[in-house]
Amino acid sequence: MDRLHLGAGDIVADIGAGSGYFTIPLASRVGDKGLVFAEDIQIEMINYISRKVEELELKNVRVIFGKPEDPSLLDNFFNLVFLANTYHELGKPFLMLENIKKDLRHYGKLAIIDWDPVKQSPFGPPIEEKIPENTVIKEVERAGFELIEKHNFMPYHYFLVFRKRSY
């Protein structure tokens, strides 16, 4: 969470939020003045995270039912769009990245954490579903972003942070 440099009042989209593993700490980081949009395309996950948000009485989380190529968010609204263990699931990554780019503010950031096929992992998706870090970097840069941070502290994942390129 520290590497995301979030502050009180920030607005974050957690794309592919799943069970809310990252949504809850993100909500804590942005505080009462911030917002976290927890997006997923699986109704079971939407229902699960909705119950969790209600149980924890999180007033700064909105649960969004998205589409595979479009998170169905608000244009020019987010400081950060966060994808954890989601990029390898994208059927049309370029289309999703185009939609994410519209949702980010002028210097908004995109953080991607995903399974590294180079790092042997006892769990996670099969190796043929994992996307190499350099492929993700090329695809995201082609979509109009620039890589600004790269972290390698995770045992099975890479962690990349991009900024929306200004033209």
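Our structure's up above, just so we're on the same page.
In short, a report on the structure. Everything numeric in this text was worked out from a predicted model, so none of it was measured.

1. Quick notes on helix H2 (residues 43-55)
Then comes step 1: Taking 1.5 Å as the rise per residue, H2 with 13 residues should run 18 Å; its terminal C-alpha atoms sit 18 Å apart, in good agreement.
Then comes step 2: Among the residues of H2, those classed as buried are Ile 46, Ile 49 and Val 53. Relative to the axis of H2, the buried residues are bounded by an arc of 75 degrees and lie together on one face. Relative to its buried face, H2 has exposed residues pointing more than 90 degrees away, namely Glu 54 and Glu 55.
Then comes step 3: Glu 57 sits one or two residues past H2 and shows a positive phi near 50 degrees.

2. Comments concerning the packing of aromatic side chains
Then comes step 1: What the rule picks out here adds up to eight aromatic pairs.
Then comes step 2: Each ring, one from Phe 37 and one from Phe 77, has its centre 5.9 Å from the other, and the planes form 85 degrees; the classification is edge-to-face. Placement of Phe 37 in strand E2 (residues 35-40) and of Phe 77 in the loop between strand E3 (61-65) and strand E4 (78-84) is noted, with a sequence separation of 40 residues between them.
Then comes step 3: With 5.2 Å between their ring centres and 80 degrees between their planes, Phe 77 and Phe 78 make a pair best called edge-to-face.
Then comes step 4: Judged by relative accessible area, Phe 77 falls into the partly exposed class, the value being 23%.
Then comes step 5: We classify Phe 78 as buried; its relative accessible area is 0%.
Then comes step 6: The rings of Tyr 21, Phe 22 and Phe 82 are connected pair by pair, giving a single aromatic cluster.
Then comes step 7: A cation over a ring is seen here: Arg 142 above Phe 94, with NZ or CZ 4.7 Å from the ring centre.

3. Description of the pairing of E2
Then comes step 1: By the criterion of burial, E2 is predominantly enclosed, with six of the six residues buried.
Then comes step 2: Where burial is concerned, the two faces of E2 agree: the one with Leu 35, Phe 37 and Glu 39 and the one with Val 36, Ala 38 and Asp 40 are both buried.
Then comes step 3: Sheet topology note: the strand E1 (residues 11-15)/E2 ladder contains five bridges and is parallel. Among the inter-strand pairings, Asp 14 is bridged to a residue of E2, identified as Ala 38.
Then comes step 4: Read as a crossover between parallel neighbours, the route from E1 over helix H1 (residues 23-30) to E2 is right-handed.
Then comes step 5: Judged from the five bridges that link them, E2 and E3 form a sheet pairing that is parallel.

Rules used throughout
For every chain, the first residue of the written sequence is number 1, and numbering continues from 1 along that sequence. The model is predicted, so local features are restricted to residues of pLDDT at least 70 and side-chain atom pairs to those at 80 or more, both for listing and for counting; the totals for chains, interfaces and linings are taken over all residues. By convention in this description, side-chain values take in all heavy atoms of the structure and omit both hydrogens and water. For helices the rule is a DSSP run of H or I covering at least 4 residues; for strands it is a run of E covering at least 2, with both sets numbered from the N terminus onward. Expected helix span is given by 1.5 Å per residue-to-residue step, counting one fewer step than there are residues. Classification of residues uses two cut-offs on accessible area relative to the type maximum, computed with a 1.4 Å probe and protein chains only: under 20% is buried, over 50% is exposed, and between them is partly exposed. Relevant arc is that of directions from the helix axis to the C-beta atoms, nothing else. Ring geometry is summarised as follows: Phe, Tyr and Trp rings, the Trp one being its six-membered ring, pair when their centres sit within 6.5 Å, and such pairs are stacked at plane angles under 30 degrees, edge-to-face over 60 and tilted between the two. Here, a charge over a ring is recorded when the distance from Lys NZ or Arg CZ to the ring centre is within 6 Å and its angle to the ring normal is within 35 degrees. Here a strand pair is declared whenever DSSP counts at least two bridges between the two strands. Handedness rule for crossovers: strands pointing away from the viewer, path from the first strand over the helix to the second running clockwise, crossover right-handed.

By themselves, these figures tell us nothing about what the structure is for.
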